[in-house]
Amino acid sequence: MGEGVRLYAGTHEGMFVFRSGRSGWTPVSQALISGIIDTVSGCTGKPEQVFAGVAHDGVYRTRDGGLHWERVLAGDVRALAVDPTNDEVVYAGMEPVRLFRSEDSGQHWEEVSTLLQMPREVQVKWWSPVSGAGHVRQIFIHEDDPRIVYLALEHGGIVRSLDRCETWEDVSEGIDYIDMHMVAALPHSTSRYYCSSARGFFTSEDPADGWVRAEKGFTRDYFHDFAFLPPAREGGNPTMLIGCADRSPGSWGRPERAKAAVFRSDDCAQTWRRVTGGLPEIITSMISTIIPHPLDPNAALMGLGEVSRGHAHGEAGPGTIMMTRDRGDHWVDLGIEIPADRVLWAAPE
């Protein structure tokens, strides 16, 4: 391909790393083979440094682009985020709901104990139908103000801190089923937020005032990861892409299984349209993750697999990685053979 990109595919059976080139994508390494990779996050200033979360095990770090990995934190880790303003700062979310932070690239960690000081009536909502305990599904740190930290809890809703985790508040009002998957702000905005759940997609000007549905145009009702691509023109809106499915995983024993689909919005989620170019009419695999390409503003990468990302157990089916170069309208299979993909991270070489 010639972009000089290193792609980390966290699967249900380990981490697979690939490098792009003129002849396609070539393997770099395969590691953590016995682990379910449930989260991955890397450093913008040091792209060779990436953190992977292995469910029921801990946080692993590579400092050489995926050639070698070392465990730097033990625990049932389910979410990772490197501070976009400071590569030294890393957050790790756990099951049961707990949050840890490192100020030195993962060498040392301290628990963010203030999270567990939230009221009992908030914490009682942190549960799971699978294990009984909820977990931190995703961590959002604002790119312009790292004091702003949001957690998407599965189950448990949305909690946030505006003072770098000194204090917390529950901001789940308006979400009727709090099985959350992702929360993020419109890029460079502090007045527009979005979140996805197992039964809805929502937006808010200020989550403390509640969330409202933003589902016009959707023909699916299960919402997972979403991504923003930079505006196609100066002053325009970013492109939003999201992976969806039909009903929750409990119904995916049917022949069409997840019945997944990809949707695109060009008006900040006021309306959505399904994109189908290069995709089968019925996508049986779960669309676990969509991420922007690190070098091409019109491109994104998508990971699929036969295992729902929120359930860190069971056997894996096959995985697929696809890419678009026209903001989601058309997709191509990268031809990479992997187990069910759960998460992706891409960085320039």
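Let me sum up the structure you'll find in this document. (Residues numbered from 1 in each chain as written. Predicted model: local features only at pLDDT ≥ 70, side-chain atom pairs only at ≥ 80, totals over all residues. Heavy atoms only, no water.)

Next up on the list: the overall build of the protein chain. Helix and strand counts for the protein chain stand at 1 helix and 29 strands. Taking 20 Å as the expected radius of gyration for a compact globule of 349 residues, we find that the protein chain reaches 18 Å, a close match to that expectation. Out of the 349 residues in the protein chain, the part that is buried amounts to 60%. For the protein chain, restricting intrachain contacts to residue pairs at least 6 apart in sequence, the fraction spanning at least 24 positions comes to 49%. (Helix = DSSP H or I, 4+ residues; strand = E, 2+ residues; numbered from the N terminus. Rg over C-alpha atoms; globule rule 2.2 N^0.38 Å. Buried < 20%, exposed > 50% of the residue type's maximum accessible area, 1.4 Å probe, protein only. Contact = heavy atoms within 4.5 Å.)

So, on to the nonpolar core. It is characteristic of soluble globular proteins that their nonpolar side chains tend to be buried jointly. Within the largest apolar cluster, 33 residues are counted, with the highest numbers of intra-cluster contacts made by Ile158, Tyr194, Phe201, Phe226 and Ile242. For this core, the secondary-structure elements that each account for two or more residues are strand 13 (149-154), strand 16 (180-185), strand 17 (193-197), strand 18 (200-204), strand 20 (222-229), strand 21 (239-245) and strand 22 (261-265). Sorting elements by how many residues they give to this core places strand 16 first, with 5 residues. Leaving out residues up to four positions away in the same chain, Ile242 has contacts with Ser196, Phe201, Phe218, Phe223, His224, Asp225, Phe226, Ala261, Val262, Phe263, Trp272 and Ile290. Tyr222, Ala245, Ile283 and Ile290 belong to the second largest nonpolar core, which has 21 residues in total. (Core = buried A, V, L, I, M, F, W, Y, C linked by side-chain atoms within 4.5 Å.)

Let us look at the pairing of strand 13. The element strand 13 is extensively covered by neighbouring structure, given that 6 of its 6 residues are classed as buried. Bridge count between strand 12 (residues 135-141) and strand 13: 6 bridges; the pairing is antiparallel. The partner of Gln138 across the bridge, within strand 13, is Ala152. Where strand 13 lies against strand 14 (residues 157-161), 5 bridges are found, and the strand directions are antiparallel. Bridged to Ala152 within strand 14 is Ile158. Where strand 13 hands over to strand 14, the hairpin turn is made up of 2 residues, of which Gly156 adopts a positive phi near 150°. (Pairing = 2+ DSSP bridges.)

Looking now at the pattern of salt bridges. Evaluation of the coordinates by the stated rule reveals 29 salt bridges. Residue Asp145 pairs with Arg147 through a salt bridge whose shortest N-O separation is 2.9 Å. By relative accessible area, Arg147 is classed as partly exposed at 48%. Note that Glu281 is salt-bridged to Arg274, the shortest N-O span being 3.7 Å. Residue classification places Glu281 among the exposed positions, given a relative accessible area of 59%. Here the salt bridges do not stand alone but share partners, grouping Asp38, Asp76, Arg78, Glu95, Arg137, Glu154 and Arg342 into one network. (Salt bridge = Lys/Arg side-chain N within 4 Å of Asp/Glu carboxyl O.)

With that settled, the discussion passes to the sheet that holds strand 15 (residues 169-170). Here we have 4 strands laid out as an open sheet, ordered 12-13-14-15, and antiparallel in their pairing. The outermost strands of the open sheet, each flanked by one partner alone, are strand 12 and strand 15.

Quick look at the sheet that holds strand 1 (residues 5-11) now. Ordered by their spatial adjacency, 4 strands build an open sheet running 3-2-1-29, and the pairing between neighbours is antiparallel. Edge positions in the sheet fall to strand 3 (24-31) and strand 29 (341-348), since each has one partner strand and no second. In this sheet, neighbouring strand axes are inclined to one another by 25° on average, regardless of whether the strands run parallel or antiparallel. Pairing geometry for strand 1 and strand 29, over 7 bridges, is antiparallel. Bridge assignment links Leu7 to a residue of strand 29, and that residue is Ala346. (Axes fitted to C-alpha atoms, helices over the stretch in contact; angles between N-to-C directions.)

According to the stated counting rule, one finds 15 aromatic pairs in the structure shown. Pairing Phe226 with Phe228 gives two aromatic rings, centres 6.0 Å apart and planes at 85°, and the pair type is edge-to-face. By the burial criterion, Phe226 is buried, and Phe228 matches it. Grouped by ring-pair contacts, the aromatic residues Tyr194, Phe201, Phe218, Phe223, Phe226, Phe228, Phe263 and Trp272 constitute a single cluster. Its guanidinium or amino end placed over the ring of Tyr177, Arg199 lies 3.7 Å from that ring's centre, counting from NZ or CZ. (Phe/Tyr/Trp six-rings, centres within 6.5 Å; stacked < 30°, edge-to-face > 60°. Lys NZ or Arg CZ within 6 Å of the ring centre and 35° of its normal.)

It is worth spelling out the side chain of His12 at this point. Mapped onto the fold, His12 is located in the loop between strand 1 and strand 2 (14-21). In terms of polar contacts, His12 uses its side chain to reach the side chain of Arg342, at 2.8 Å. Beyond its immediate sequence surroundings of up to four residues, His12 is in contact with Gly35, Ile36, Val307, His311, His313, Gly314, Glu315, Ala316, Ala340 and Arg342. (Polar contact = N/O pair within 3.5 Å; in protein donor to acceptor, adjacent residues only side chain to side chain.)

Limitation: the analysis is restricted to geometry and does not speak to function.
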